[in-house]
Amino acid sequence: MTSHIKMDERVERDRLAEMVQAVIGKPLDRPEGALKVSGAAPYAMDRLPANACHGVLVRATVSNGTLRDMDVDAVQALPGIRAIIADDRLLRNPAQGMAGEAPIQGPKDIAYFGQPIALVVAETFEQARHGAQALKLRFEADGTAIVAPDDPKADIETPEDEQDSTGDLDAAMQTARHTVDAHYTTPGHVSAAMEPHASIAEWNGDRLTLYGSYQMLRFNRAELADALGIEEKQVRILAPYVGGGFGSKLGIGPEAVAAALAAKALGVPVAVAMSRQQVFESVMRRSETDQHIRLAADEQGRLIGIGHEALVSNLPGEEFSEPVTQATPFLYQGDHRVIGHRIARVHRTCAGSVRAPGEAVGLTALEIALDELAAASGIDPVKLRLINIPQKDPSQDIPFSSHMLAEALEEGAKRFDWDRRRSEPGAVRDGEWLIGMGMASAARVNMLIESKARVTLNANGTGTVETDMTDIGTGTYTVLSQIAGEMLGLPMDSVETLLGDTAYPPASGSGGSFGAASNGTAVLLACEEIRQQLCERLDCDMQGLTLKDGHAIVGNRRIALPEILDGSRLVGEGHVEPGKAEETVRQATYGSYFAEVAVNAITGETRLRRMLGVFAAGRILNPKTARSQCLGGMTFGIGMALTEELIHDPRDGHIVNRDFAEYHLPVNADVPQIDVVLLDERDAWANPLQAKGIGELGICGAAASIVNAIYNATGIRIRDLPATLDKIIDGLQSRTD
Amino acid sequence: MSEGRYLRPQRLDEAVDALKGGGWNLVAGGTDHYPARVVEQRPEDILDLTGLTDLRGIGEFPDHFRIGALTRWTDLIEAPLPGWFDGLKQAAREVGGVQIQNRGTIAGNLCNASPAADGVPALLSLDASVELASAGGVRILPLADFILGNRKTARRPHELMTAILTPKPARPARARFLKLGARRYLVISIVMVAGLLEVEEGRVAGARLAVGSCSAGAQRLPALEAALTGQPADAGLAMLATPEHLAGLSPIDDIRADAGYRRDAALILVRRCLADLGGLR
């Protein structure tokens, strides 16, 4: 039996609060943690069958043109080579998140430097790699390809439904007492998940099994079937352990389709793992952005106008474009508003979702602009934000579901000793180091995605959760077991959660911070169904049933679950769908960041000294895994602020720094003590768990707090990220000149 | 297409005998070798030196230390050595991460001859020489004469580096190494500076400074070294360094930094290094 809910309105009843097992909301360890740290958790390539062949992808070395010919014979003559796959079904680039259908296919038409155009398959990995490198290719290149969004010849789209304007911002800018009018740029970023993309494909007749590293299996299954031209029911995907995703594994990738085609052609399993360089070149990047922000405020700093116009890029034919302005319509007040969104079509690698598409870079720029307004008006940056929190969504004129930005700002300021900050830049010096403090708001839209789960109460009194949901390092195994344990009155070691297999009920998948709340709701509903069945067996009503420590308590009776089950088991399914609640109220998560930096007055090096994040995301299901998400997000923010930048060759757009030696993620020594505070909140509009997404909130504006701290330390305003030492020293020198 | 030859000699005489014909690529720690072959491998003849275990280790002699060619960075970090090795030890901790330091050899860092090789400036400041062996015998070259440019060395195809020799300073000496990169650690240097001061009766009796990542090969700063000699050994040494002292450097623009920034930063790092060395005890 299935228990179903469509979120059309508030769910007043807080089911979890009625339970007594007391595992929800506890900072519990991951049940699979020991497997992961001991190497016993099988990731995709750990499933390698003994008879598998290995495939290595071959890339295009032109950015636009046609593949005319490849010297197949010479490579086929090499030792161990089994096949060269150049099928028309190969993917040009990965599918976008939740596409549910194949992206553009075909290896002949080249759209970017690095595009996979063939797969060389051999008995060993080394033979395949050798064959892939030896394969001579002949391209007909179109030398006029546009590879940079700021190329004056770039084709720029201005989608009508993504422009918005209310009031008269131009007039507001003219009459306002304080204004900011500036351009901000962010470079391309990559997800940089530790586990590179890898797939092992194996056919049994016309049925395909794929071990992969993916975030959203129900969509991936549809994408893979569509790409191959087969039925979804012929495809099974397993991804029980995923070594990080951050958006890069939302949609099916070229390696999965290539492995499936090769395995079919050869009649043996085929494994395709990307090298780190291939991950950089043929997986998604976050688009670089150019953002024009205008702020108009009155004498007291109250915003009367906000303009946020963005230019992003993507390949021709891709529907996704970085939703830079996503949080701008509702974060601050202001009657006069302009939202602009333009897309340059460029021959760079495909742009797609990287952790918190939209707010990660869009809110960062907006929060730097707010700091500029604070400096221009002489109003404290925390106070400036507090006085501009709107009472309702100013763009849609609908109420907020819950809203704790003010609490996050005030709590953060108190804990960080913000009142010790000197407002004039460059006022604090420690030897050759200039010290400064900065802050920013955090915000991220909250989403609910259709999701299903099955829960079984086994005859021995243990529980089993099954869903094709993934755990990409986020803690899904832990929180789903906690929800089931809480709802069924089972200690954690009596609950097993099974994930990452399309044979289980289809879930939301991991993405957009919606996984735990969406799929967790499905688990809660499935447990409700089991509770109902238990009530029928015990002849009591739901209110009269208490489940704790593997026992049912009804009236003054306490009965062990196996006794009630009497050799049978109970199965419940849960199904949640988004509904009218999305349009009725504005749902979002909020928070604040505070950062203290030391900037070397002589070399321009920035050293982050301490950082604090305060976040409100509804009910926190597990403070330990939630905190880890925030730490990870803020670390992404440190990279965005100081070091991370994709560099493209201006001639052909290829990524120059396609490894971790030159794409500078922050290392441990760049990351100081980060403190995370999670505020107590419930959001009854979100879902019956009253929980909201937290996976991305930690990056949405984090970089701005650091850039703003650099300003406070030095008086230098960095508008083009990352704030590398050469940019800062330029400013330091021009100040002393 | 040839598959290439592979040989792993167990004794030095076998190795130099094999090298007679030339044409071998030498591999010790492999930490530069493998990354250079991720994207493309070609058939090549590999002489694997890891069997020459006698070449690993650091030995003290009356007037010098001998660092065997297979000595790894971690070996150096963990070895009980006099204080004037501190600069080289600081450099050792900056060569990649700990895994790299566990595998990578000091000699390999010199033979690879990257302009950004972290070991070179510190060894220049130690006035190190290298020992090269061949079937015809052994020759010793000052390190400054060994590294000829970007990835170019004076090693002949039939030669093998067997040791690095560092003379003992004549007077009490102190040493430092400073590195600047785009992040705090695990980063290819934008600029690095190594310095060694010999101090007698409160004055600089000898100075050796070298700057890396600012030329095709790391360079000593002889004019500055001369200017320092005889000066009081205190933090004030820093201000004796002038842009002219660095005129011999030839930094380039690349994705890590531009030449102008490198030139500025090199001077700052030299001054920091001197302030630090002068301010010691």
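As the structure is a computational prediction, the values presented were derived from the model and not from experiment.

Structural notes on the overall build of chain A
- The helix and strand inventory of chain A stands at 19 helices and 31 strands.
- The C-alpha radius of gyration computed for chain A amounts to 27 Å, which stays within 12% of the reference 27 Å derived for 737 residues, consistent with globular compactness.
- Principal-axis analysis of the C-alpha atoms gives chain A an extent of 80 × 80 × 50 Å.
- Every one of the 737 residues in chain A was classed for burial, and the buried ones make up 59%.
- Expressed as a percentage of contacts within chain A between residues at least 6 apart in sequence, the contacts between residues at least 24 apart total 82%.

A look at the overall build of chain B
- When its secondary structure is counted, chain B shows nine helices and 14 strands.
- Taking 19 Å as the expected radius of gyration for a compact globule of 281 residues, we find that chain B reaches 19 Å, a close match to that expectation.
- Buried positions account for 47% of the 281 residues belonging to chain B.
- Pairs at least 24 residues apart make up 66% of the contacts formed inside chain B by residues separated by at least 6 positions.

Some remarks on the pairing of strand E31 (residues 674-678) of chain A
Residue and element names in this part refer to chain A.
- Pairing between strand E30 (residues 606-616) and E31: five bridges, direction parallel. Within E31, the position partnered with Gly 613 by the bridge is Val 676.
- Between the parallel pair E30 and E31, the chain is carried across by helix H17 (residues 623-642), and the sense of this crossover is right-handed.

Describing the interface of chain B and chain A
- With 18 residues of chain B at the interface, the matching set in chain A holds 20 residues.
- Tallying contributions element by element places helix H9 (residues 259-279) of chain B first for the side of chain B that touches chain A, with three residues.
- Residue composition of the side of chain B that touches chain A, by class: 13 nonpolar, one polar and four charged.

Here we look at the environment of Cys 700 of chain A
Residues and elements named next belong to chain A.
- Secondary-structure assignment places Cys 700 in the loop between E31 and helix H18 (702-714).
- Taking the C-alpha atoms as reference points, Cys 700 and Gly 591, 109 residues apart in sequence, are found 9.1 Å from one another.
- Residues in contact with Cys 700, not counting those within four places in the same chain, are Ala 356, Glu 359, Ala 360, Leu 363, Ala 442, Ala 443 and Arg 444.

What about unusual backbone geometry?
- Cis peptide bonds are those with omega within 30 degrees of zero, and the linkage from Leu 721 of chain A to Pro 722 of chain A qualifies with -5°.
- Inspection of the secondary structure puts Pro 722 of chain A in the loop between H18 and helix H19 (725-736).
- Positive phi outside glycine occurs at Ser 513 of chain A, with the angle close to 65°.
- Along the chain, the position of Ser 513 of chain A falls in the loop between strand E24 (495-498) and helix H14 (515-538).
- Backbone geometry at Ser 213 of chain B places phi at a positive 70°, although glycine is not the residue there.

Quick look at the packing of helix H10 (residues 359-377) of chain A against H18 of chain A
All names here are of chain A.
- Interaxial distance between H10 and H18 falls to 8 Å at its minimum, and their mutual angle equals 30°. Overall, the two elements H10 and H18 adopt an arrangement that is roughly parallel. Relative to H18, the crossing made by H10 is right-handed. Only Ala 703, Ala 704, Val 707, Asn 708 and Tyr 711 of H18 make contact with H10, whose side of the interface consists of Thr 364, Glu 367, Ile 368 and Asp 371.
- Residue composition of the contact of H10 with H18, by class: five nonpolar, two polar and two charged.

Points about the sheet that holds strand E7 (residues 137-141) of chain A
Residue and element names in this part refer to chain A.
- Within the open sheet, the three strands sit side by side as E5-E3-E7. Their pairing is antiparallel. The open sheet has two free edges, formed respectively by strand E5 (109-110) and E7, since each of these has just one partner strand.
- Pairing of strand E3 (residues 65-70) with E5 involves two bridges; the strand directions are antiparallel. Each residue of the ladder has a partner; that of Thr 66, found in E5, is Asp 109.

A word on the pairing of strand E18 (residues 303-314) of chain A
All names here are of chain A.
- When you tally the buried positions in E18, you get 11 out of 12 residues, the bulk of the element.
- One ladder, built from eight bridges, connects strand E17 (residues 289-297) with E18; its direction is antiparallel. By the bridge assignment, Arg 294 is partnered in E18 with Gly 307.
- In terms of strand pairing, E18 meets strand E19 (residues 336-345) through 10 bridges, oriented parallel. Within the sheet, the bridge partner assigned to Gly 305 lies in E19 and is His 336.

Considering the domain arrangement of chain A
All names here are of chain A.
- On domain assignment, one finds that chain A holds domain 1 (2-41 + 449-578), domain 2 (44-144 + 193-282) and domain 3 (355-447 + 584-736).
- Computed from C-alpha atoms alone, the centre-to-centre distance between domain 2 and domain 3 is 37 Å.
- On the domain 3 side, the residues contacting the 11 residues of domain 2 number nine residues.
- A per-class count over the side of domain 2 that touches domain 3 returns five nonpolar, four polar and two charged.

Describing the domain arrangement of chain B
Residue and element names in this part refer to chain B.
- Along its sequence, chain B is organised into domain 1 (6-46 + 57-167) and domain 2 (173-279).
- The centre of domain 1, based on its C-alpha atoms, is set 23 Å off from the matching centre of domain 2.
- Breaking the side of domain 1 that touches domain 2 down by element, the ones donating at least two residues are helix H3 (86-92), helix H6 (119-125) and strand E8 (147-149).
- The biggest single contributor to the side of domain 1 that touches domain 2 is H6, with five residues.
- When its residues are assigned to classes, the side of domain 1 that touches domain 2 shows 14 nonpolar, eight polar and four charged.

Side note on the confidence of the model for chain B
- Summarising the model, chain B shows a mean pLDDT of 94, and 99% of its residues fall at 70 or more.
- Model confidence for the complex: the whole-complex pTM is 0.92, and ipTM, which rates the interface, is 0.78.

So, the packing of helix H13 (residues 476-488) of chain A against H14 of chain A
All names here are of chain A.
- With their axes 9 Å apart at the nearest point, H13 and H14 run at an angle of 25° to one another. When the axis of H13 is compared with that of H14, the two are roughly parallel. The handedness of the crossing between H13 and H14 is right-handed. Contacts from Thr 476, Val 479, Leu 480, Ile 483, Ala 484, Met 487 and Leu 488 of H13 reach H14 at Gly 515, Ala 516, Asn 519, Gly 520, Val 523, Leu 524, Cys 527, Ile 530 and Arg 531.
- Looking at the contact of H13 with H14 residue by residue, the class counts come to 11 nonpolar, four polar and one charged.

Points about the environment of Ala 406 of chain A
Residue and element names in this part refer to chain A.
- By the secondary structure assignment, Ala 406 is in helix H12 (residues 405-415).
- Ala 406 sits in the partly exposed class, given 14 other C-beta atoms within 10 Å.
- Put simply, Ala 406 and Ser 592 are 186 residues apart on the chain and 9.1 Å apart in space, counted from C-alpha to C-alpha.

Things to note about helix H4 (residues 125-134) of chain A
- The set of residues buried in H4 of chain A consists of Gln 127, Ala 128, Arg 129, His 130, Gly 131 and Ala 132 of chain A.
- Along its buried surface, H4 of chain A packs onto strand E2 (53-59), helix H3 (72-76), strand E4 (81-85) and strand E6 (116-122) of chain A.

The rules behind the values
Position numbers for residues count from 1 along each chain, tracking the sequence in the order it is written. Note on labels: chains are lettered from A, ligands numbered from 1, in written order. Where local features are concerned, this predicted model is filtered to residues with pLDDT of at least 70; where side-chain atom pairs are given and counted, the filter is 80 or more; whole-chain, interface and lining totals use all residues. Under the DSSP-based scheme used, a helix requires at least four consecutive residues in state H or I and a strand at least two consecutive residues in state E, with every element numbered from the N terminus. Restricting the calculation to C-alpha atoms gives the radius of gyration, and the globule rule supplies 2.2 Å times the number of residues raised to the power 0.38. Between the buried cut of 20 or more and the exposed cut of 12 or fewer other C-beta atoms within 10 Å of a residue's own C-beta lies the partly exposed class, and all C-beta atoms are placed from the backbone. Residues are defined as contacting one another if the C-beta atoms placed from their backbone atoms lie within 7 Å. Two strands form a pair only when DSSP identifies at least two bridges running between them. Every crossover in which the path from the first strand over the helix to the second runs clockwise, viewed with the strands pointing away from the viewer, is termed right-handed. Residues were grouped as follows: Ala, Val, Leu, Ile, Met, Phe, Trp, Tyr, Cys and Pro as nonpolar; Asp, Glu, Lys and Arg as charged; and all remaining residues, including Gly, as polar. Axes, fitted as lines to C-alpha atoms, cover a helix only where it is in contact. Angles between the N-to-C directions of the axes lie from 0 to 180 degrees. By definition in this entry, angles of less than 35 degrees are roughly parallel, angles greater than 145 are roughly antiparallel, angles of 65 to 115 are roughly perpendicular, and the rest are oblique. Left-handed describes a crossing whose near helix is turned anticlockwise from the far helix through less than a right angle; right-handed describes the clockwise counterpart. Where each domain starts and ends follows an automatic or database-derived domain assignment. Scored between 0 and 100, pLDDT is the confidence that the predictor attaches to each residue.

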